[in-house]
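Coordinate inspection notes
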Amino acid sequence: MIQTFFRFTNLSLFAVLLLSFVSISSYAAPFYIDNFTDVQSVVDLAGDSTASTNTQALTSTGSNLGPGTQRTLSIDASGTPSAPAIPGFPAFNSLMQSNTGTLQISNDTNVTSAVASVFWNGFSPVDLTTYGTGLLLKVNTIDLATTIQLIINGGTSTSAPQTFASGTGDFFVPFADFSDSTAFTAVNDIKLAFSGSGPWDGKFSFLVADDPSTVPEPSVLLLILSGLLAAYFISGTRQKKLS
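Residues numbered from 1 in each chain as written. Predicted model: local features only at pLDDT ≥ 70, side-chain atom pairs only at ≥ 80, totals over all residues. Heavy atoms only, no water.

What follows covers the overall build of the chain. Scanning the chain from N- to C-terminus turns up two helices and 14 strands. The proportion of buried residues among the 243 residues of the chain is 38%. A separation of at least 24 residues holds for 74% of the contacts in the chain among residues at least 6 apart in sequence. In the form shown here, the chain has an accessible surface area of approximately 12400 Å², with 61% of it arising from carbon and sulfur atoms. (Helix = DSSP H or I, 4+ residues; strand = E, 2+ residues; numbered from the N terminus. Buried < 20%, exposed > 50% of the residue type's maximum accessible area, 1.4 Å probe, protein only. Contact = heavy atoms within 4.5 Å. Areas by Shrake-Rupley, 256 points an atom, 1.4 Å probe, with all protein chains shown as cover.)

Moving on, we get to the environment of Val173. Following the sequence through the fold, Val173 ends up in strand S12 (residues 167-174). Taking the relative accessible area as the measure of exposure, Val173 reaches 7% and is therefore buried. Separated by 40 residues in the primary sequence, Val173 and Thr133 place their C-alpha atoms 8.6 Å from one another. Contact partners of Val173, with chain neighbours within four places excluded, come to Gly134, Leu135, Leu150, Ser159 and Phe178.

Moving on, we come to the pattern of salt bridges. This model, assessed by the stated rule, comprises two salt bridges. Across the pair Asp170 and Lys138 runs a salt bridge whose closest N-O atoms are separated by 3.2 Å. Pair noted here: Asp170 is in strand S12 and Lys138 is in strand S8 (residues 134-142), with a separation of 32 residues, a long-range link. Looking at Asp170, the relative accessible area reads 43%, which means it is partly exposed. We classify Lys138 as partly exposed; its relative accessible area is 30%. (Salt bridge = Lys/Arg side-chain N within 4 Å of Asp/Glu carboxyl O.)

Okay, unusual backbone geometry next. Of note, Phe36 is a non-glycine position whose phi angle comes to about 55 degrees, a positive value. Of note in this structure, Asn153 is not a glycine but carries a positive phi near 50 degrees. Mapped onto the elements, Asn153 comes out in the loop between strand S9 (146-152) and strand S10 (157-158).

Right, let's talk about the pairing of S9 for a bit. The element S9 is extensively covered by neighbouring structure, given that five of its seven residues are classed as buried. Where S9 meets strand S11 (residues 162-164), three bridges bridge the pair, whose relative direction is antiparallel. Bridged to Thr146 within S11 is Phe164. By the bridge criterion, six bridges tie S9 to strand S13 (residues 190-197) in an arrangement that is antiparallel. (Pairing = 2+ DSSP bridges.)

Here it is, written out as structure tokens:
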């Protein structure tokens, strides 16, 4: 009777362990709008009264949006730089660059206000609802109050502006919180807009379509699996002793 019980427990634990692995492997990977590995930069020079832009094609390793995807960096700042940041080069108000997995925006200390944006277009319409429930921007750091907004399909759907005072955090906006959530079934362009007063700076890791609420943290998964494995081997040891 006792052997039957432990045999049943052993099988039950094995089944739970197997189901855990199946459920983990069934999670879809995040859909990368951009992981900011493709190198690109734009500079807003001192005295330039218009926004500075730079457009280039993205590689397949930099984005999941597909062939034809273009990315446009745009930045415009007000203020008078104290001195050239690099000797021998013109003074600039702001710099935005994508490189080695980071989007970095830097403003001179004398900048009074700055707006910047990243715009993706040129790809075939994509249904982002098959990859998640919202858009997630990973914020590495922001040093001053900065407002972030997402704009879809030329403005047909927008998120409410969200202001980060400072520090780090995740800017996650569920599709349902956009002005038109149906736009995400056929997305053909995406704009990520930044604005702020003063010389704000920011660093960001990636923009993805994802469902973070359904994906446990790796440390939690490891703890669960370790516990299940320990229980499985303990039950097996007990069964051998009883037999």
